[in-house]
Amino acid sequence: MKLQLGVVMDPIGSINYKKDSTLAMLLAAGERDYSLFFMEQADLFVADGRAMASMTPLQVFADPQRWYEKGDPVVRPLGELDAVLMRKDPPFDMDYIYSTYILELAEAEGSLIVNRPQSLRDCNEKLFITRFPQCIPPTLVSCQKAQIRDFLAQHRDIILKPLDSMGGTSIFRVQQDDPNINVIIETLTANGRRMIMAQRYIPEIKAGDKRILLIDGDPVPYTLARIPTKGETRANLATGGEGVAMEITARERWICEQIAPTLRDKGLLFVGIDVIGDYLTEINVTSPTCIRELDKAYHINIGATLMEAIEATLQGR
């Protein structure tokens, strides 16, 4: 099936060739002879009630010196594309939300948007896990200092994090005798005006914060365990964590089974979940990564599996 596939992403010339998951998707689409069209967020607009874009024909190559070639931009309705990958990296700000509204107009005209625009807005990557209490560690979401301090008194060792961060930004591990607890809570909550998440500290973080990729609810059978450096609580690759590929466990498959029906119902075709020990800690829906690392470790092609899922979804309409 020859499809027209658009992608909304950051400047393609600035990506990390070896690690970029969006490029892995585009390479898989190119191998299937899809017609590719590149867009940045600012290229989207609405005219006369239709979702439009200045889109650039794109070719991609498995070449670290020359991985893309652009054609001449054309202005077209987004709804003319069979599918659009929304792969703009956070921050998840108002411009991102406006982009989802435009993509939703294209969806109404027949384009498959991966992931569904409404779900990108609805499914905060931290709060979404609270839909699955059977899978998560003890968790509190609050802006009130007294509640957070009570949670700390109960669990004695906790993680505090904003609801809108990525890459390990502003994540604190706090123990009961920490002299900075008040200022940490005040800073993260903006003196009680901003909600944050508190979770019981999971000691198994030392063995890795595992990223599991799901395509239409089905997990890739391998995971990338991001192992923190010595003296560091955060395991994110962006903070120096080491990525080690391994097979997923029975518990991790069970977690995937718990969340899969909701992911499918919400049109979340490509998702990356984070699991520490036995617990689900995040559900990443905006631009999950780690395709390239797993492809390399196990000689698989996750991008091709995603393209097959996109084809199946289009055919099943």
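Scoring rules and cut-offs
- Residues numbered from 1 in each chain as written.
- Predicted model: local features only at pLDDT ≥ 70, side-chain atom pairs only at ≥ 80, totals over all residues.
- Heavy atoms only, no water.
- Phe/Tyr/Trp six-rings, centres within 6.5 Å; stacked < 30°, edge-to-face > 60°.
- Buried < 20%, exposed > 50% of the residue type's maximum accessible area, 1.4 Å probe, protein only.
- Helix = DSSP H or I, 4+ residues; strand = E, 2+ residues; numbered from the N terminus.
- Pairing = 2+ DSSP bridges.
- Axes fitted to C-alpha atoms, helices over the stretch in contact; angles between N-to-C directions.
- Arc of directions from axis to C-beta.
- Contact = heavy atoms within 4.5 Å.
- Core = buried A, V, L, I, M, F, W, Y, C linked by side-chain atoms within 4.5 Å.
- Parallel < 35°, antiparallel > 145°, perpendicular 65-115°, else oblique.
- Left-handed = near helix turned anticlockwise from the far one by under 90°.
- Nonpolar A, V, L, I, M, F, W, Y, C, P; charged D, E, K, R; others polar.

**Re the packing of aromatic side chains**
So, point 1. According to the stated counting rule, one finds five aromatic pairs in the structure shown.
So, point 2. Ring geometry for F128 against F132: centres 5.8 Å apart, planes inclined by 65°, an arrangement best described as edge-to-face. The pair F128 / F132 is uniform in exposure class, with both members buried.
So, point 3. Plain terms: the ring middles of Y222 and Y298 are 3.8 Å apart, the flat faces sit at 15° to each other, and that makes the pair stacked. Taken together, the residues Y222 in strand β14 (residues 218-227) and Y298 in helix α7 (residues 291-298) connect sequence positions 76 residues apart.

**Some thoughts on the sheet that holds strand β10 (residues 157-162)**
So, point 1. Read across the sheet, four strands follow the order β9-β12-β10-β11 without closing on themselves; strand pairing throughout is antiparallel. Because the sheet does not close on itself, it has two edges, and the strands there are β9 (139-142) and β11 (172-175). The mean angle between the axes of side-by-side strands here comes to 25°, regardless of whether they run parallel or antiparallel.

**Looking at helix α4 (residues 145-155)**
Each turn of an α-helix holds 3.6 residues, which means side chains three or four residues apart point in the same direction.
So, point 1. When we look at burial in α4, the residues that qualify are I148, F151, L152 and H155. Projected onto a plane normal to the axis of α4, the buried residues spread over an arc of 100° and lie on a single side. Facing away from the buried side of α4 by over 90 degrees, the exposed positions are A146, D150 and Q154.
So, point 2. Turning to α4, the residues buried within the fold contact β9, β10, β11, α5 (181-188) and β12 (196-200).
So, point 3. The first or second residue beyond α4 is R156, which carries a positive phi of 70°.

**Section: the nonpolar core**
So, point 1. In terms of nonpolar packing, the biggest core is built from 41 residues, with I12, L26, M307 and I310 touching the most fellow members.
So, point 2. Discounting residues that sit within four places of it in the chain, I310 has contacts with A83, L85, L112, V114 and L269.
So, point 3. Grouped together as the second largest cluster of nonpolar side chains are 39 residues, Y96, I113, F132 and I259 included.

**As for the packing of α4 against α5**
So, point 1. At a minimum axis separation of 11 Å, α4 and α5 run at an interaxial angle of 130°. As judged from the angle between their axes, α4 and α5 are oblique. Note on packing geometry: the crossing formed by α4 with α5 is right-handed. Across from K145, I148, R149 and L152 in α4, the residues of α5 making contact are I181, N182, I185 and E186.
So, point 2. Taken together, the residues of the contact of α4 with α5 sort by class into four nonpolar, one polar and three charged.

**What to know about the sheet that holds strand β16 (residues 270-276)**
So, point 1. Sheet architecture is open: five strands sit in the order β15-β14-β13-β16-β17, paired in antiparallel fashion. Lying at the two open borders of the sheet, with one neighbouring strand each, are β15 (242-247) and β17 (279-284). Pairwise comparison of adjacent strand axes, ignoring direction, gives a mean angle of 30° for this sheet.
So, point 2. As judged from the six bridges shared by β14 and β15, these two strands associate in the antiparallel manner. Within β15, the residue paired with Y222 across the bridge is E247.

Just distances and angles here, no functional claims.
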